[in-house]
Amino acid sequence: MTYIWAHRGASGYAPENTLEAYELADKMHADGIELDVQLSKDGQVVVCHDETIDRTSDHKGFIKDYTLSELKTFNFNNKNEKYSFCHIPTLEEVLKQVKPTNMIINIELKTGIFDYPTIEEKTIELVKKYAMEDRIVYSSFNHYTILNILKLNPQADCGFLHTDGIIDIADYAVKYNVKNLHPAFYFLLNERYYHEAIIHGLKINAWTINEEKYIQAALKLNINAIITNYPDLAINLCGK
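In short, a report on the structure. Just so we're clear, the structure is a prediction, and the values are computed from it rather than from any experiment. (Residues numbered from 1 in each chain as written. Predicted model: local features only at pLDDT ≥ 70, side-chain atom pairs only at ≥ 80, totals over all residues. Heavy atoms only, no water.)

How two helices sit against one another is set out by the angle between their axes and by the gap between those axes. Relative orientation of the contacting elements helix H1 (residues 19-27) and helix H3 (residues 91-98) amounts to 20°, with a least axis distance of 11 Å. Comparing the axis directions of H1 and H3 gives the class roughly parallel. You can see that H1 and H3 cross each other, and the crossing is right-handed. Taking contact as the criterion, the partners of Leu19, Tyr22 and Glu23 in H1 are, on H3, Glu93, Val94 and Gln97. Residue classes in the contact of H1 with H3 are distributed as three nonpolar, one polar and two charged. (Axes fitted to C-alpha atoms, helices over the stretch in contact; angles between N-to-C directions. Helix = DSSP H or I, 4+ residues; strand = E, 2+ residues; numbered from the N terminus. Parallel < 35°, antiparallel > 145°, perpendicular 65-115°, else oblique. Left-handed = near helix turned anticlockwise from the far one by under 90°. Contact = heavy atoms within 4.5 Å. Nonpolar A, V, L, I, M, F, W, Y, C, P; charged D, E, K, R; others polar.)

And the structure:
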């Protein structure tokens, strides 16, 4: 069975990475959500994809340069007229909201540009606080961050995010005790990539698959998860 994970929540309809988008994903019966975490100026784990708030809010600047209380005054509705005002959520707020559901949470740690010291510790501590360890998949384009997660919790379910072709990536993942590969969807067109992952027992969670023809292609491959902005479309296509 292929799971459907809502990319930054049901972001095709609601402002991305907001509590509203995650609530809508649950209403659409998504199997999980994907979100991105960074640290505010005062060290709070906040949920936002870009390092800056320029695109998704009514202010400008880097996440790291604002305190949580300052960020909470900005409107993160991403210019979506159906949502007059959306707060930036903390990871804790998301965990609290999602805990009563059955949804998996794919937490992407955004450490590709800024290092964010202690983000791994703080993220793991929050997950542990809500006893949701068995419902979390950690991923990052910064693979050193994944190694830090596994150092802190060797049982953590982790995935290597990537957009580039990495030779022998399945061997690479197994070497570092990583159980998931999170490729851009076009890597699934490479039969060698797909078969090497399957032979090594790795789960493939591919992003961001929004068009019907590509969702159908991913379903035929029976990958572990489709990460999409339109969870309702993917759910209808897989007959859930």
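If you look at the biggest cluster of nonpolar residues, it comprises 70 residues, and the most contacted ones within it are Ile33, Leu35, Ile107 and Tyr138. Ignoring anything within four residues of it in the chain, the contact list for leucine 35 reads Asn17, Tyr22, Val47, Leu91, Val94, Ile105, Asn106, Ile107 and Glu108. (Core = buried A, V, L, I, M, F, W, Y, C linked by side-chain atoms within 4.5 Å. Buried < 20%, exposed > 50% of the residue type's maximum accessible area, 1.4 Å probe, protein only.)

Okay, the environment of glutamine 155 next. Positionally, glutamine 155 belongs in the loop between helix H5 (143-152) and strand E6 (158-162). Here glutamine 155 falls in the exposed class, since its relative accessible area comes to 65%. Note: C-alpha distance between glutamine 155 and isoleucine 136 (19 residues apart in sequence) is 11 Å.

Moving on, we get to the side chain of asparagine 205. As for its placement among the helices and strands, asparagine 205 is situated in strand E8 (residues 203-206). Engagement of the side chain of asparagine 205 in a polar contact is seen with the side chain of histidine 182, the distance being 3.0 Å. Apart from the residues lying within four places of it in its own chain, the contact partners of asparagine 205 are Trp5, Asn180, Leu181, His182, Pro183, Asn224, Ala225 and Ile227. (Polar contact = N/O pair within 3.5 Å; in protein donor to acceptor, adjacent residues only side chain to side chain.)

So, about the packing of aromatic side chains. The tally for this structure, following the rule as stated, stands at 10 aromatic pairs. When the centroid spacing of 6.1 Å and the interplanar angle of 65° are considered together, the rings of phenylalanine 114 and tyrosine 116 count as edge-to-face. By the burial criterion, phenylalanine 114 is buried, and tyrosine 116 matches it. Ring-pair connections join several aromatic residues into one group, and the members of that group are Phe62, Phe114 and Tyr116. Directly above the aromatic system of phenylalanine 114 lies the positively charged group of lysine 64, at a separation of 5.1 Å from the ring centroid. (Phe/Tyr/Trp six-rings, centres within 6.5 Å; stacked < 30°, edge-to-face > 60°. Lys NZ or Arg CZ within 6 Å of the ring centre and 35° of its normal.)

Take unusual backbone geometry next. A positive phi angle is found at aspartate 168, which is not glycine, with a value near 55°. Looking at the element boundaries, aspartate 168 is found in the loop between E6 and helix H6 (169-175). For asparagine 222, which is not glycine, the phi dihedral falls at a positive 60°.

The next subject is the pairing of strand E4 (residues 104-109). In terms of burial, E4 is largely enclosed, as five of its six residues are buried. Where strand E2 (residues 32-39) meets E4, six bridges bridge the pair, whose relative direction is parallel. From the neighbouring strand, isoleucine 33 faces E4, where its bridge partner is isoleucine 105. Here E4 pairs with strand E5 (residues 136-140) via four bridges, running parallel. (Pairing = 2+ DSSP bridges.)

Note on placement: threonine 90 falls in the loop between helix H2 (68-71) and H3. On the basis of relative accessibility, which here comes to 10%, the residue threonine 90 falls in the buried class.

Right, let's get into the state of the cysteines. For the coordinates displayed, the defined rule picks out zero disulfides. Here cysteine 86 stays free of any disulfide, with the sulfur of cysteine 48 as its closest cysteine sulfur at 12 Å. For cysteine 86, a relative accessible area of 0% translates into the label buried. (Disulfide = S-S within 2.5 Å.)

That's the geometry; what it means functionally is another story.
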